[in-house]
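Architecture and fold: a report
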Amino acid sequence: MDMKQIPQVSLPQYPESYWLASSNIPRFPQLTKDIHVDVAIVGAGITGITTAYLLSKQGLKVAVIEAGQMLSGTTGHTTAKITAQHGLIYDEFISNFGEEQTKLYYEANQQAFQFIKETVDQQHISCDFTHEDAYIYTNSANYVEKMTMEINAYKKLGIIGDYLEQTPLPFPIKAAVVMKNQAQFNPVSYLTHLIQQIVKQGGQIFEHTTAVNVEKGRPATVVTKAGYKISCHYVVSCSHFPFYDGWEFYFAKMYAERSYVLGVKTERAYPGGMYLNAEEPNRSLRSAMVNGERMVLVGGESHKTGQGICTIKHYEALKHFAKEHFGLKEISYRWSAQDLVTLDKLPYIGQNQADTPNILVATGYKKWGMTTGTAAALLIEKLVMDKESPYQELFKPERFHANPGIKNFVVQNVDVAKHLIAGKLEMIYRKPEELGNDEGAVVKVNGSRAGAYRDQQGDLYLVDTTCTHMGCEVEWNLAERTWDCPCHGSRFSYQGEVLEGPTDKPLKSLQM
Ligand code: FES
């Protein structure tokens, strides 16, 4: 056949998560009056919803508030692997924190896995939950020894797994480590069920309600952007990036990464299992059944938010990988997610500070939010119910491990300083009038740096590119049509509205 006749498989024009597209999430009103509850939960992803489910089941009066729509953040854009295999971490964690603490990390995530499985089984939740083995593999000689060290760590910790020289994947590998009997599901279907249970258990849910501050005390008060107040015995921040800092300086203790997913129909059969490679560029694989047909989720291409190449190129790289190894029939979906990584790679879960024991936070899941977000909810339930948990010291937000904390703190904050300066010195040549429809760029307006996007109808949107968090210059994200900050990961729509914190203030609109 003439090559010119082979139809090119193209990327969908706009991002859309399969999980969100395939579910029917109930909608909730805005908060329009002051209320009093036992627990105010800010953020409606897996952590906030699971926490509200657990605490309302305990008979507490809960209110969940979400700045946008339920599940529209990272939970709605994950690859939804339910596993305690969080990359090559166990050997590293044993070196940094010791065997006992590392075992606790594994157990917290394994317990979260068990909670999801039992909840799905007992409540007959239709969410495509299937057991799968989780593999981490390498094709780099530099990582073979690390694989050996990782399986030795598994043995020390009692994790069931094996060292392998081949996997079911249709391409050769140099080495792999498998963790047996993990799982995958549709997280939005699962959490939609929990949302219905929260409502049945008397919980209140409010969408399009942004929390902007906490007035400390007993009771504490959550203040919303519209000026309404929720007084409560406990505040729980599950807003991905904590909406309340309380002098913890989370922006200096975490960095934001973006990663990408394609949902593809393939020419060659997918062998089952969940996969991740160890080296760069990272690749993640799993599958999902869509109307009786298997769709492969090809993920990866992580990079710091607002940094790196033109974002559409990350999807192109995943497309190339899928085509090479499975053959491409169709790309049905493309979407991306933002994740937060802490200095020592452990999440921050628990009391924000010792002197405010009724303000709790959960963040920094390093891409493993299905298990870690659930583990966070289980720990928060214990803290609110005034019970001990074996995990509270390990995940305490106030901790500081000298190794690797200090080194990573310096690296992170030098990187921020570099971007703060680089954005200000950049030469800009483009002008708004040069932009075609559906095109965005950094441009010069009245002699200053500005962000411009011309929509499909030809309407032009101009924003001040100075990030409202700490003044770095945001960059255009072509694939998502957003403005992303390279310093701490705040993101804005092309009109300047806040999509991700730490900031809670929109970009300033500009006129020509
Ligand atoms: Fe901190 Fe933009 S997110 S300066």
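My aim in this report is to walk through the structure given alongside it, one point at a time.

Criteria and cut-off values
- Residues numbered from 1 in each chain as written.
- Predicted model: local features only at pLDDT ≥ 70, side-chain atom pairs only at ≥ 80, totals over all residues.
- Heavy atoms only, no water.
- Pairing = 2+ DSSP bridges.
- Helix = DSSP H or I, 4+ residues; strand = E, 2+ residues; numbered from the N terminus.
- Axes fitted to C-alpha atoms, helices over the stretch in contact; angles between N-to-C directions.
- Left-handed = near helix turned anticlockwise from the far one by under 90°.
- Contact = heavy atoms within 4.5 Å.
- Nonpolar A, V, L, I, M, F, W, Y, C, P; charged D, E, K, R; others polar.
- Buried < 20%, exposed > 50% of the residue type's maximum accessible area, 1.4 Å probe, protein only.
- Arc of directions from axis to C-beta.

Observations concerning the sheet that holds strand S20 (residues 460–464)
The pairing of strands in a sheet happens through backbone hydrogen bonds and is either parallel or antiparallel. Here we have three strands laid out as an open sheet, ordered S18-S19-S20, and antiparallel in their pairing. Of all strands in the sheet, those with a lone pairing partner are strand S18 (439–445) and S20, marking the two edges. Within this sheet the neighbouring strands show an average axis-to-axis angle of 30°, counted without direction. Here strand S19 (residues 448–454) pairs with S20 via five bridges, running antiparallel. Looking at S20, one finds that glycine 451 is bridged to valine 463.

A look at the packing of helix H2 (residues 46–57) against helix H9 (residues 369–384)
Viewed as axis vectors pointing N to C, H2 and H9 meet at an angle of 35°, and their least axial separation amounts to 8 Å. Where H2 crosses over H9, the two elements pack in a sense that is right-handed. Facing H2, whose interface residues are Ile46, Thr47, Thr50, Thr51, Leu54 and Leu55, H9 presents Gly369, Met370, Gly373, Thr374, Ala376, Ala377, Leu378, Ile380, Glu381 and Val384. Partitioning the contact of H2 with H9 into residue classes produces nine nonpolar, six polar and one charged.

Observations concerning helix H3 (residues 90–97)
Of all the positions in H3, only Tyr90, Asp91, Phe93, Ile94 and Phe97 are classed as buried. The buried residues of H3 occupy one face: seen down the axis, they fall within an arc of 165°. Positioned one or two residues after H3, glycine 98 has a phi angle of 90°, which is positive.

In short, geometric facts, not functional conclusions.
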